[in-house]
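Chain by chain, the residues:
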Amino acid sequence: MPIWEAALLGLIQGLTEFLPISSTAHLLIARQLLGHENPEDAFTVVIQLGTLAAVFVYFRADIIRMLNGLWADIRARRLASTPDSRIGWLIVLGTVPVMVIGFTLKKWLKANFFHPAPIAVVAIVFALLMAASEWWVTRRTNRGLPPREEGNINWLDALWVGLFQALALMPGGSRSGTTITAGLFAGFARPVAARFSFLLSLPAILGAGMKEMYDERATLFASDQIAALGVGLLVSAVVGYLAIAFLLSFLKRNSTATFVVYRLLLAGVIFGLIAKGLLK
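The present account deals with the structure reproduced in this document. (Residues numbered from 1 in each chain as written. Predicted model: local features only at pLDDT ≥ 70, side-chain atom pairs only at ≥ 80, totals over all residues. Heavy atoms only, no water.)

### Considering the overall build of the chain
Each helix and strand counted, the chain has 13 helices and zero strands in total. Counting from the amino terminus, helix and strand elements in the chain follow one another as α-α-α-α-α-α-α-α-α-α-α-α-α. For the chain, the C-alpha radius of gyration of 19 Å lies close to 19 Å, the compact-globule estimate for 280 residues. The dimensions of the chain, computed from C-alpha atoms along their principal axes, are 50 × 45 × 35 Å. Counting every position in the chain, which comprises 280 residues, the buried fraction comes to 50%. In the chain, 78% of the contacts between residues at least 6 apart in sequence involve partners at least 24 apart. (Helix = DSSP H or I, 4+ residues; strand = E, 2+ residues; numbered from the N terminus. Rg over C-alpha atoms; globule rule 2.2 N^0.38 Å. Buried < 20%, exposed > 50% of the residue type's maximum accessible area, 1.4 Å probe, protein only. Contact = heavy atoms within 4.5 Å.)

Here is the structure:
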């Protein structure tokens, strides 16, 4: 892979991993347009480790407190004894669905959903779900119900958001999009939904990326590919950090309506490219 292509894919990954518009969908479409023979190969998954680094850096203080809290709970054989450890355990629970479904249905998902037409359909379905979640937010507000803050997230909420994260294994769903949608349905404030989404991404992205890196290590770390992989990871990390900051600021003042419209337009573009024979 040429360095410029790796940098372009890193840019796409960094922008779309945290904005609720599906990074995998954008990478698969971009790679097919670039003429890559196997756009669903390990590079598409491993490059997500760059954006994982962005989460670690952006939330480093929170993550350190959370890990310390988890370790203290484990040593003392207790559960959720502090606010920091509680969030950690909620993330552990929320990660279970994507781990189970990812490991059991990986081959089936790649065979049936990693193609342009299914991506477009999934993008539309989850755009409509995101729009419905915004309607639900408006309904709660009209009834005088305040948005829920991070301290109010409970075990059922974590499992609920985790189940939506598993749905994002279908390209076009968007991991951040599905989890933010689930958070809004649960009554979370928009920035809380986004923040919990980002923290929940840590074990999911790390697990998937490391597994793909190990399984495809011979190809990924070939002498003619290592530079491209490094560039892609670096670019995705830097751009991903900026995307996190942007989205958290954006959702303090705005709804997700912009992303609903974008996802519908993306689906339309994909169907148009399929009709012209540019995608298959």
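### Re the layout of surface pockets
Of the volumes computed, that of the largest pocket is approximately 740 Å³. Val 45, Gln 48, Leu 169, Ala 204 and Ala 208 are the residues nearest the centre of the largest pocket, which is lined by 34 residues in total. When residues of the lining of the largest pocket are traced back to their parent elements, those giving at least two are helix H1 (3–18), helix H2 (23–33), helix H3 (42–46), helix H6 (83–113), helix H9 (175–185) and helix H10 (190–215). Considering each element in turn, the lining of the largest pocket owes the most residues, eight residues, to H6. Along the lines of polarity and charge, the residues of the lining of the largest pocket split into 15 nonpolar, 12 polar and seven charged. (1 Å grid on protein atoms, 1.4 Å probe; cavity = no way out; pocket = protein on both sides within 12 Å on 5 of 7 lines; lining within 4 Å. Points joined across faces, edges and corners; volume = space filled by probe spheres on them. Nonpolar A, V, L, I, M, F, W, Y, C, P; charged D, E, K, R; others polar.)

### Here we look at the packing of aromatic side chains
Summed over the entire model, instances satisfying the criterion amount to nine aromatic pairs. When the ring of Phe 250 is compared with that of Phe 259, the centres are 5.5 Å apart and the planes differ by 65°; the resulting orientation is edge-to-face. Taking relative accessible area as the criterion, Phe 250 reaches 14% and is therefore assigned buried. Among the aromatic residues, those joined into a ring-pair cluster are Phe 18, Tyr 58, Phe 59, Phe 198 and Tyr 241. (Phe/Tyr/Trp six-rings, centres within 6.5 Å; stacked < 30°, edge-to-face > 60°.)

### Overview of the side chain of Ser 23
Topologically, Ser 23 is positioned in helix H2. By relative accessible area, which is 7% here, Ser 23 ends up buried. Looking at Ser 23, its side chain comes within polar contact range of the side chain of Glu 17, at 2.9 Å. For Ser 23, the residues in contact, after removing those within four places along its chain, are Gln 13, Thr 16, Glu 17 and Gln 48. (Polar contact = N/O pair within 3.5 Å; in protein donor to acceptor, adjacent residues only side chain to side chain.)

### Here's the deal with the environment of Arg 190
With respect to the secondary-structure elements, Arg 190 resides in helix H10. A C-alpha to C-alpha distance of 8.5 Å links Arg 190 and Leu 248, two positions 58 residues apart in sequence. If we skip the residues at most four places from it in the chain, Arg 190 touches Glu 134, Val 137, Leu 184, Leu 251, Asn 254, Ser 255 and Thr 256.

### What about the nonpolar core?
Ranked by internal contacts, the top residues of the largest apolar core, which has 55 residues, are Phe 59, Phe 196, Phe 198 and Ile 244. Tallying contributions element by element places H10 first for this core, with 10 residues. Formed by 12 residues, the second largest nonpolar core is a distinct cluster that contains Phe 114, Ile 119, Ala 120 and Leu 273. (Core = buried A, V, L, I, M, F, W, Y, C linked by side-chain atoms within 4.5 Å.)

### Comments concerning the pattern of salt bridges
Applying the stated criterion across every chain yields a total of eight salt bridges. The closest approach of N and O atoms between Asp 157 and Arg 148, which form a salt bridge, is 2.4 Å. In the salt-bridge network here, residues are joined through shared partners; they are Asp 62, Arg 65, Asp 84, Glu 150 and Arg 195. (Salt bridge = Lys/Arg side-chain N within 4 Å of Asp/Glu carboxyl O.)

### Side note on helix H13 (residues 257–275)
A rise of 1.5 Å per residue sets the reference length of H13, with its 19 residues, at 27 Å; its end C-alpha atoms lie 27 Å apart and thus fit the reference within 8%. Restricting attention to buried positions, one finds in H13 the residues Phe 259, Val 260, Arg 263, Leu 266, Ala 267, Ile 270 and Leu 273. Buried residues of H13 fall within an arc of 150° about the axis and therefore sit on the same side. For H13, the exposed residues set more than 90 degrees away from the buried face come down to Leu 265 and Ala 275. (Expected span 1.5 Å × (residues − 1). Arc of directions from axis to C-beta.)

Distances and angles like these do not, on their own, reveal function.
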